[in-house]
Amino acid sequence: MQRNGGGGGAGGQPWVLRRVRLTWLSFMLFFILVFFPLIAHYYLTTIDEAGGPDKRIFGPRPGGELCEAKHVQDLCRIRESVSEELLQLEAKRQELNGEIARLNLRIEACKRSIDSAKQDLLQLKNVISQTEHSYKELMAQNQPKLSLPVRLLPDKEDPGLPPPKSSRSCRLRSCFDYARCPLTSGFPVYVYDTSSYPWADYLDPLVKQAFAASVKTNIYITDNPSVACLYLVLVGELQESSAPPPSPSELEKQLKALPHWRADGHNHVLVHFSRKSMTQNFLYNVSTGRAAVAQSTFLEQQYREGFDLVVSPLVHALSEPNFLEVPPQVPVKRKYLFTFQGERVESLRSSLQEAPPQSFEEEMEGDPPADYDDRIVGTLKAVQDSHLDQVLVEFTCKNPQPCLPTEWALCGEREDRLEVLKASTFGLVIAPGDGQLVASAGCGMRLFEALEVGTIPVVLGDHSRLPYHQFIRWSEAAIIVPKPRVTELHFLLRSLSDNDMLAMRRQGRFLWETYFSTTENVLNTLLASIRTSIQVPAAPIKEEPAHEIPHKAGKMAGTDANLADNGDLDLGPVETEPPYASPRFLRNFTYTAAETYRTWNRAPGPFHLFPHTPLDPVLPSEAKFLGSGTGFRPIGGGTGGSGKEFQAALGGNVPREQFTVVMLTYEREEVLMNSLERLNGLPYLNKVVVVWNSPKPPSDDLLWPDIGLPIVVVRTEKNSLNNRFLPWDAVETEAILSIDDDAHLRHDEIMFGFRVWREARDRIVGFPGRYHAWDVNHQSWLYNSNYSCELSMVLTGAAFFHKYYAYLYSYVMPQAIRDMVDDYINCEDIAMNFLVSHITRKPPIKVTSRWTFRCPGCPQALSHDDSHFHERHKCINFFVKVYGYMPLLYTQFRVDSVLFKTRLPHDKTKCFKFI
């Protein structure tokens, strides 16, 4: 047992030694394999860096030491050959890249040429298509194309007319020679020289002077009597002198001795202007032949209805009224409900003194003229004594003015009467008691004074002939009551609403300003009444000549995708339509003959012939498909449609048309060029008119963008914001887009505004809205640009309006407003909003959600100045004073496209993506 145990211990010792040796051997091998290469690498590297270039072991050696060997030399030659080939290949590569770049440029140029050729081809196809369409329309229509009338004058020889049965039966058809007044004659009027009259010494010198001054400024006056349509002879008013005027027989001889009287005086008008209430009826019992008479006083047996003219008195002979002194039209109700001051200096016998009172019907049968005046006096005194309303009636005067028999004399001086009328809501005008006196200067004077201060005239006596009653609808400005209804007069006046009274007061102000306020207006009204009676159109209104500044178009304009983005829709028709002007003067005759009421009773009056107006009648929908489709482009050919069909045609209720951009600028050339470039590709754009308001011409090196349409740069006489609204003859479209040079509008916004304007042609349609706010503390108006749910103005820095309003702004609107715009260099947009609202009595239309414009990088505009808003406050209150009331009206909506925010089927598209 011990042997076995001892043997086991001796045998295990070598096994342990072997194991230790193996471990040591493994460790040595690991050391050699790991650390020896590291030490060798470090050693060799240190020696290589410490030694010079000649002693390097692993680095490249200078010279050709390595190439000493033959095979090494071969390798070097191969390397050099490959390097040369690589250099040659690099040169060829660069040459090929240059050739590729040149070819790419040629390809791009060819693509542009192809695109340009395609556009030219499309435009040519469109011209051919439009020509074919126009030819078909021309062949289908049966109406000649009208334009500005060509003046056609009468012959010098006058064959004369067959005499009427009597001069009392004279009417235009029997006593007026239409052959001397062709429709295209231009209505030439010859005025006899007042100094050559035999009765010239008897004429009032003030009337003669005022008449001569008005004649000089009238556009119809001619110095050639042989071509005249009408001959004017001034016969009054006579001045107060000791020498008696000519007798009727003497006056007849003197009239027949006029050089162009032609035996019977046809086409002559004898004019008698009255300055006083007591006017001598100079032509009474004078046989005037076929000459018409225009005066303020007529007896029934003297007046020839439809031939003679009742004219207004000449109150302001040489002086013009101060419109700023006219009292405002509001408040509607004044201190007195009605007033009357007058006295019957001489009257006829009253039947009430000899017989018991009768009914008004029985009195009418006997025609006792003075009874009504007595009854009127009693009734008005009873109203005054009742104290139900404050009235002022006085039937006796301290200083009565001379008047005709049975007529009510004016009391006191004119200034005193006006002060009373300024405190009166209504002013009574009692017709003469003698029914044979159909018109009198005294009544005309009362009527004139009432209209002048905004008092509503109440005419008692429906037999009176008011001035120009054939054309003026006096029932819109005055209350005309038969004398038998005097007992109901008080009830009638109390029953009128404020709306009706203010409408009548506003209409009365229009009649006074337009027809009666100055001698020039009185003469213009007299000639317009005769011209309208014979249906001759008025003279075309003046257009402002555009003196163009030459400029160079040097760069092609690009289209900013952000400005023209409308989704997948085009904004215009498939073909690009060439520029075409709006038709002009299509209603030369109908405007005069068929719209007499509107032209005489609505601003601006009958004095001008406009090329077009926003109030022209609209055809019914089926007419465009049944014989009257000239110029119409229905959507989908009449079947309608959504976005794509909608954008392919204008549709609407009026024929196709384009618009003109009018852009006002002042010394901001870079901003202007950017704005013009953004108009490139805009559909339905006719041209761009740039109003160059700066005294300095554009820079000689300035290159204007080529937008494919004419850009007309207009030179102005002075720096005035009113130049924005001048009716430039370069503007050939009805629609005008007035836009500032720093206004940023997308193309879809412009197109949407244009389409909306086509449906509201009489209104301003634009983008930024503003409103007028009432200042409770100061009892005045404020201009406000804050965000509001109501607006009353649209800024014309980005707005559509009709060219018709450019004529009215420049030639009809009171000059005081344009003067204030020049003084402040501000407020022209407010003035245009006032004008349009005054004419239409409608608010503007705002489109899209824009409230203001932002122009990054643009120079600071005038509107950023703090004084800008203070000036606009003053402008609004000044304009209100000029007009007599606040014309602006509020509106609480804006316009968006029909399918905006409407869920559509996948096969339909919206009219506009973002609007």
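Draft legend 1. Quick peek at the overall build of the chain. Helices and strands together make up the secondary structure of the chain, namely 22 helices and 27 strands. Looking at the 915 residues of the chain, the share that counts as buried comes to 48%. Sequence-distant contacts, at least 24 apart, represent 79% of the contacts inside the chain between residues at least 6 apart. In the form shown here, the chain has an accessible surface area of approximately 46600 Å², with 55% of it arising from carbon and sulfur atoms.

Draft legend 2. Inspection of the state of the cysteines at higher detail. Within this structure, the stated rule accounts for 4 disulfides. Here Cys170 engages in a disulfide with Cys175; their sulfurs sit 1.9 Å apart. Looking down the S-S bond of the Cys170 and Cys175 bridge, the torsion is -80°, so its handedness is left-handed. Cys181 shares a disulfide with Cys229; S-S distance 1.6 Å. The S-S bond linking Cys181 to Cys229 shows a torsion near 95°; that makes this disulfide right-handed. One end of the pair, Cys181, is in the loop between α3 (172-175) and β1 (189-191); the other, Cys229, is in the loop between α4 (205-217) and β2 (230-236), and 48 residues separate them in sequence.

Draft legend 3. View of the environment of Val689. Note that Val689 resides in strand β17 (residues 685-692). The class of Val689 is buried, set by a relative accessible area of 0%. A C-alpha to C-alpha distance of 7.0 Å links Val689 and Val714, two positions 25 residues apart in sequence. What Val689 contacts, discounting residues up to four positions off in sequence, is Thr660, Val661, Val662, Met663, Val712, Val714, Ala730 and Val731.

Draft legend 4. Looking closely at empty space enclosed by the protein. A complete count under the given rule lists 8 cavities of 30 Å³ or more for this structure. Size it by volume and the largest cavity reaches roughly 150 Å³. Along the walls of the largest cavity sit 13 residues, with Thr339, Gln341, Leu421, Leu428 and Arg446 positioned nearest its centre. Counting residues per element, the ones that place at least two in the lining of the largest cavity are β7 (336-341), α8 (414-422), β11 (424-430) and α9 (441-452). Every residue lining the second largest cavity is counted, 14 residues in all, and those nearest its centre are Ala439, Ser440, Cys443, Gly444 and Arg465. Among the elements of the structure, β12 (437-439) and α9 are those that each provide at least two residues to the lining of the second largest cavity. Sort the elements by how many residues they give to the lining of the second largest cavity and β12 lands first, with 3 residues.

Draft legend 5. Representation of unusual backbone geometry. Here the bond from Gly236 into Glu237 is cis, since omega is 25°, no more than 30 degrees from zero. Tracing the backbone shows Glu237 in the loop between β2 and α5 (248-256). Cis geometry is adopted by the peptide bond preceding Pro604, which originates at Ala603 and carries an omega value of 10°. Residue placement: Pro604 occurs in the loop between α15 (596-601) and α16 (643-647). Positive phi outside glycine occurs at Thr406, with the angle close to 65°. A positive phi is found at Glu667, a non-glycine position, where the angle reads about 55°. On the accessibility criterion, Glu667 (40% relative accessible area) is partly exposed.

Draft legend 6. Structural detail: the packing of aromatic side chains. For the structure on display, the rule yields 37 aromatic pairs. It is Arg473 that lies over the ring of Tyr597; its NZ or CZ is 4.1 Å from the centre. Lying over the aromatic face of Phe646, Arg755 brings its terminal NZ or CZ to 4.0 Å of the ring centre.

Draft legend 7. Structural detail: the sheet that holds strand β3 (residues 268-272). The strand order across the open sheet formed by 5 strands is β1-β2-β3-β4-β6, and the pairing between neighbours is parallel. Sheet topology places β1 and β6 (309-310) at the edges, where each strand pairs with a single neighbour. Two strands pair when backbone bridges link them, and β1 and β2 are joined in this way by 3 bridges, in the parallel orientation. What sits directly across from Val191, in β2, is Leu232. Contacting β1, β2, β3, β4 (292-295) and β6, helix α12 (residues 519-533) crosses the sheet at an angle of about 135° to β2.

Draft legend 8. How the structure looks around the pairing of strand β23 (residues 780-784). Most of β23 sits out of view: 4 of its 5 residues are buried. By the bridge criterion, 5 bridges tie strand β22 (residues 769-775) to β23 in an arrangement that is antiparallel. Residue pairing across strands places His772 opposite Tyr783, the latter belonging to β23. Linking β22 to β23, which pair antiparallel, is a turn of 4 residues; within it Gln779 sits at a positive phi near 55°.

Draft legend 9. Molecular detail of the packing of helix α20 (residues 815-824) against helix α22 (residues 867-883). Relative orientation of the contacting elements α20 and α22 amounts to 170°, with a least axis distance of 10 Å. Taken as axis vectors, α20 and α22 run roughly antiparallel relative to one another. Read as a crossing pair, α20 and α22 show a hand that is right-handed. On the side of α20, the interface is formed by Ala816, Ile817, Met820, Val821 and Tyr824, while α22 contributes Glu871, Lys874, Cys875, Phe878, Phe879, Val882 and Tyr883. Broken down by class, the residue content of the contact of α20 with α22 amounts to 10 nonpolar, no polar and 2 charged.

Draft legend 10. Spatial organisation of the pattern of salt bridges. For the coordinates displayed, the defined rule picks out 37 salt bridges. Residue Arg746 pairs with Asp748 through a salt bridge whose shortest N-O separation is 3.0 Å. Ionic pairing is found between Arg746 and Glu749, a salt bridge with its closest N-O pair at 3.7 Å. Taken individually, Arg746 and Glu749 each receive the classification buried, so the pair is uniform in this respect. Several salt bridges converge on common partners, so that one network encompasses Arg587, Glu595, Arg598 and Asp616.

Draft legend 11. Structural context of the environment of Glu667. Within the fold, Glu667 resides in the loop between β16 (659-665) and α17 (669-677). When the C-alpha atoms of Glu667 and Lys696 are compared, they prove to be 8.0 Å apart, with 29 residues separating the residues in sequence. Setting aside anything within four residues of it in sequence, one finds Glu667 in contact with Ser694, Pro695 and Lys696. Of note is the side chain of Glu667, whose polar atom sits 3.1 Å from the side chain of Ser694.

Draft legend 12. Fine view of the sheet that holds strand β13 (residues 456-460). Taken in spatial order, the 5 strands of this open sheet run β9-β7-β11-β13-β14, and their pairing is parallel. Looking along the sheet, the strands with just one partner apiece sit at the ends: β9 (392-394) and β14 (479-481). Averaged over neighbouring strand pairs, the angle between their axes works out to 20° when direction is ignored. Pairing geometry for β11 and β13, over 5 bridges, is parallel. Bridge pairing links Gly427 to Pro457 in β13. Taken strand by strand, α9 contacts β7, β11 and β13, and its axis lies near 170° from that of β11.

Draft legend 13. Spotlight on the nonpolar core. One finds Phe187, Leu232, Phe273, Phe516, Leu526 and Phe879 to be the most contacted residues of the largest nonpolar core, which totals 140 residues. In contact with Phe273, other than residues within four places in its own chain, are Val207, Phe211, Leu234, Gly236, Glu237, Val311, Leu314, Val522 and Leu526. One finds Leu676, Tyr684, Ala743 and Ile750 within the second-largest nonpolar core, a separate group that totals 46 residues.

Rules and cut-offs
- Residues numbered from 1 in each chain as written.
- Predicted model: local features only at pLDDT ≥ 70, side-chain atom pairs only at ≥ 80, totals over all residues.
- Heavy atoms only, no water.
- Helix = DSSP H or I, 4+ residues; strand = E, 2+ residues; numbered from the N terminus.
- Buried < 20%, exposed > 50% of the residue type's maximum accessible area, 1.4 Å probe, protein only.
- Contact = heavy atoms within 4.5 Å.
- Areas by Shrake-Rupley, 256 points an atom, 1.4 Å probe, with all protein chains shown as cover.
- Disulfide = S-S within 2.5 Å.
- 1 Å grid on protein atoms, 1.4 Å probe; cavity = no way out; pocket = protein on both sides within 12 Å on 5 of 7 lines; lining within 4 Å.
- Points joined across faces, edges and corners; volume = space filled by probe spheres on them.
- Phe/Tyr/Trp six-rings, centres within 6.5 Å; stacked < 30°, edge-to-face > 60°.
- Lys NZ or Arg CZ within 6 Å of the ring centre and 35° of its normal.
- Pairing = 2+ DSSP bridges.
- Axes fitted to C-alpha atoms, helices over the stretch in contact; angles between N-to-C directions.
- Parallel < 35°, antiparallel > 145°, perpendicular 65-115°, else oblique.
- Left-handed = near helix turned anticlockwise from the far one by under 90°.
- Nonpolar A, V, L, I, M, F, W, Y, C, P; charged D, E, K, R; others polar.
- Salt bridge = Lys/Arg side-chain N within 4 Å of Asp/Glu carboxyl O.
- Polar contact = N/O pair within 3.5 Å; in protein donor to acceptor, adjacent residues only side chain to side chain.
- Core = buried A, V, L, I, M, F, W, Y, C linked by side-chain atoms within 4.5 Å.

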